[in-house]
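Residues per chain, in single letters:
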Amino acid sequence: MNNERASANTLNRTTLTRRLVQRLRREEAVVAGLGNTNFDLIAAGHRPQNFYMLGSMGLACPIALGVALAQPQRGVIALEGDGSILMALGCLATIGNVQPRNLTIIIWDNGMYQITGKQAAATSGATDIVAVARGLGIVASEWVHGETDFDTLIDCRFEDGGPRLLAVKIDDQPGKGPPMRDPVLIRENFMRGLGTGRSRELDSI
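The sections below set out a description of the structure shown in this document. In this text, all values refer to a predicted model and were calculated from it rather than measured experimentally.

**Some words on the overall build of the protein chain**
Helix and strand counts for the protein chain stand at nine helices and eight strands. A globule of 205 residues ought to have a C-alpha radius of gyration of about 17 Å, and the protein chain, at 16 Å, matches this closely. Summarising its shape, the C-alpha atoms of the protein chain cover approximately 50 × 35 × 30 Å along the three principal directions. Per-residue burial for the protein chain yields a buried fraction of 52% across its 205 residues. Pairs at least 24 apart in sequence give 73% of the contacts found in the protein chain among residues at least 6 apart. As presented, the protein chain carries roughly 8,700 Å² of accessible surface, and 51% of it is formed by carbon and sulfur atoms.

See below:
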């Protein structure tokens, strides 16, 4: 294990998700991977610019990349777990080649597939997501070393300076928000948030 990864403190995903949402000022789009990642985003406060992935692992970054390319003036943040990103390394390679300046990726790394029974993921061993991302061309990739460091790293203009990838060691606490189970409603509200469609209000959150 390299020094950057070894020196990163273990933090709490719920706390950091709330800190992130509190710093959004420009109607940034936030795409959350399935399970605890989107439960915490819901708990942090629903916004029409939030997209909650259901049922499919590894799709937060591909969806966020599509939004970033379609709306280059909008900051886009992908929130993804370590197990899910291991299923989408091809997308990280595409991001490294396309270089969308308005895309920030945050990887929550607890070294396990938490929601399915805490089975060990490759990141519990030798696999270092930051090293992988740098090797795939996302040069601005780094480990977060604490809450203050997290605040400093995300206190930037999300619509410029990317692509960036921040990896965060997290504990195994479950997500705090209620699950959202209506994919059509999620899509419609996200389209409304991006200014690309009309939708019903998300009354259940």
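**A few points about the layout of surface pockets**
The rolling of a water-molecule-sized probe over the atoms marks out the regions of remaining empty space. In this structure, the largest pocket encloses a volume near 250 Å³. Along the wall of the largest pocket there are 19 residues; nearest its centre are Leu34, Gly81, Ser84, Gln114 and Ile115. Taken together, the elements giving at least two residues each to the lining of the largest pocket come down to helix H3 (36–44), strand E3 (76–81), helix H5 (82–85) and strand E5 (112–113). Take the lining of the largest pocket: its biggest share by element is three residues, from H5.

**With respect to the pattern of salt bridges**
One pass over the full model with this rule turns up nine salt bridges. A salt bridge links Arg23 to Asp151; the nearest nitrogen and oxygen atoms lie 3.3 Å apart. Placement of Arg23 in the loop between helix H2 (13–22) and strand E1 (29–32) and of Asp151 in helix H8 (residues 147–154) is noted, with a sequence separation of 128 residues between them. Using a relative accessible area of 25% as the deciding quantity, one classes Arg23 as partly exposed. When salt bridges with common partners are traced through the structure, they connect Arg19, Arg23, Glu147, Asp151 and Asp155 into a single cluster.

**Observations concerning the sheet that holds E1**
Overall, parallel pairing links the six strands, which are arranged E2-E1-E3-E4-E8-E7 in an open sheet. In this open sheet, the two edge strands, each paired with only one partner strand, are strand E2 (50–52) and strand E7 (140–143). Each neighbouring strand pair of the sheet contributes to a mean axis angle of 15°, computed without reference to strand direction. By the bridge criterion, four bridges tie E7 to strand E8 (residues 164–169) in an arrangement that is parallel. Bridge pairing in E8 places Trp143 opposite Ala167. H2 rests against E3, strand E4 (103–109) and E8 of the sheet, and its axis sits at about 165° to E4. Strands in contact with helix H4 (residues 60–70) are E1, E2, E3 and E4; relative to E3, the strand with the most contacts, it is inclined by about 175°.

**Side note on the pairing of E1**
Burial along E1 is two-sided: the residues Ala29 and Val31 and Val30 and Ala32 are all buried. In this sheet, E2 lies alongside E1 in parallel orientation, the contact comprising three bridges. When the sheet's bridge partners are listed, Val31 is paired in E2 with Phe51. In this region the chain leaves E1, passes through H3 and returns to the parallel neighbour E2; the handedness of that crossover is right-handed.

Analysis parameters
Position labels on residues start from 1 in each chain and follow its written sequence. Local features are withheld for residues below a pLDDT of 70 in this predicted model, meaning they are given only at 70 or higher, and side-chain atom pairs are given and counted only at 80 or more; totals for whole chains, interfaces and linings count all residues. Note that water and hydrogens are dropped before the side-chain values are worked out from all heavy atoms of the structure. Segments assigned H or I by DSSP are reported as helices when at least four residues long, segments assigned E as strands when at least two residues long, and all are numbered from the N terminus. For this measure, only C-alpha atoms enter the radius of gyration; the expected value for a globule follows 2.2 Å times N^0.38, where N is the number of residues. The buried label goes to any residue with under 20% of its type's maximum accessible area, the exposed label to any with over 50%, and the partly exposed label to all in between, with areas taken from a 1.4 Å probe on protein chains only. Working rule for contacts: check all heavy atoms of both residues, and any pair within 4.5 Å makes them a contact. For every accessible area listed, the method is Shrake-Rupley and the probe measures 1.4 Å; residues are considered covered only by the protein chains on display. Grid spacing is 1 Å over the protein atoms alone, the probe is 1.4 Å, and a cavity is where that probe fits but cannot get out, while a pocket is an open set with protein on both sides within 12 Å along at least five of seven lines and lining residues have an atom within 4 Å of a point. Grid points are joined across faces, edges and corners, and a volume is the space filled by probe spheres set on the points. For this analysis, a salt bridge means a side-chain nitrogen from Lys or Arg found within 4 Å of a carboxyl oxygen belonging to Asp or Glu. When DSSP finds two or more bridges between a pair of strands, those strands are recorded as paired. Orientation is described by axes fitted as lines to C-alpha atoms, over the contacting stretch for helices, and by angles from 0 to 180 degrees between their N-to-C directions. By the criterion used throughout, a crossover qualifies as right-handed when its path from the first strand across the helix to the second strand runs clockwise, the strands pointing away from the viewer.

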